[in-house]
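The chain contents come next:
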Amino acid sequence: MPPLRINKYLSTNGFCSRREADRLIEDGRVFVNNVRAKLGDRVGDGDTVRVVEREEREKREEIIVMLFHKPTGMSVKRDEATAEILSLLIDCGVRLYTVDALEPRASGLVLLTNDTLLAARVGNTRYAIEREFVVELDRAATTRDRQELMVAGKAIHGIKIRLMESKKIAIAFPNARPNDLMKLFKTAGLRITGLTRTRVGPVKLMNFPVGRWRTLTTGEVSELKKECAMK
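Nothing here was measured: the structure is a model prediction, and the numbers come from that model.

Considering only enclosed or pocket space, the largest pocket measures out at about 340 Å³ in volume. Every element with two or more residues in the lining of the largest pocket is listed here: strand S9 (130-137) and strand S12 (192-200).

Position of Met 74 among the secondary structure elements: in the loop between strand S6 (65-70) and helix H4 (80-89). Sequence-wise, Met 74 and Arg 105 are 31 residues apart; in three dimensions their C-alpha atoms are separated by 8.1 Å. Beyond its immediate stretch of four places on either side in the chain, Met 74 contacts Phe 68, Leu 86, Leu 102, Glu 103 and Pro 104.

This paragraph deals with the packing of aromatic side chains. This structure, assessed with the given rule, holds one aromatic pair. Judged by centre distance (6.4 Å) and plane angle (50 degrees), the rings of Phe 68 and Trp 213 are tilted. Here Trp 213 lies in strand S14 (residues 213-215) and Phe 68 lies in strand S6, a separation of 145 residues in the sequence. Residue classification places Phe 68 among the buried residues on the basis of a relative accessible area of 1%. In this structure Trp 213 comes out as partly exposed when scored by relative accessible area, which is 32%.

Rules behind the numbers
- Counting restarts for each chain, with residues numbered from 1 along the sequence as it is written.
- Totals for whole chains, interfaces and linings use every residue, but because this is a predicted model, local features are given only for residues with pLDDT of at least 70 and side-chain atom pairs only at 80 or more, for both listing and counting.
- Each side-chain value is worked out from all heavy atoms of the structure, with water and hydrogens disregarded.
- Definitions used throughout: a 1 Å grid over protein atoms alone; a cavity as a set of points that fits a 1.4 Å probe which cannot get out; a pocket as an open set with protein on both sides within 12 Å along at least five of seven lines; a lining residue as one with an atom within 4 Å of a point.
- Grid points are joined across faces, edges and corners, and a volume is the space filled by probe spheres set on the points.
- Only runs of H or I of at least four residues qualify as helices and only runs of E of at least two qualify as strands under DSSP, and these elements are numbered from the N terminus.
- Contact between two residues is taken to exist if any of their heavy atoms lie within 4.5 Å; hydrogens are not considered.
- Pairing of aromatic rings covers Phe, Tyr and Trp, the last counted by its six-membered ring, and requires centre-to-centre distances within 6.5 Å; plane angles under 30 degrees mean stacked, over 60 mean edge-to-face, and any other angle means tilted.
- Partly exposed describes any residue whose relative accessible area lies between the buried limit of under 20% and the exposed limit of over 50%, with all areas from a 1.4 Å probe on protein chains only and scaled to the type maximum.

Scope: geometric values only; no functional claims are made or implied.
Written out as structure tokens, the structure reads:
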């Protein structure tokens, strides 16, 4: 193919119109063989054409999913204010959003990501992502307490309850929220003194320190996406 004027080359290859190409060249956004192009330049088959504007627009931002161990007393919501605070706290170069809220009375696992689809799906009740909480009581938990909770939560599909050491009970069910737990334990005649979210779907808090954060492993992200029916 004989050399073409740069604006016609961009137009012929479906990038933009000739008029738009001229504007991009005047703005200094078009490069031929890594040299900034000028109006009227010609390009042939062996030349490399690069348009900065298109590259920047199509560049994919690195997807980050993080685990944050929220301390008691801190309010985490799904809003712009929380996103701003957490992005400043966790300076990883991208804006992070909370997957779901966690009230001040509860501590524990909060997922943060810049993947808006993943955040929407994990937070959507439609996908029934299981949340687990460790609940501390004002007295030692008993087998009867577990039975009372099962009776109180008989309408909750998929509820799982297990006794832990001393005054603690672990409880999990799809889309569990602190308010749900407060109502459930009140119905069972039990008083909560502490509440920690220890799991969201396949992602576990384990013994991760309060107030710290880490990036999820590739395996954790893959398992989380699988539960949300994402490829």
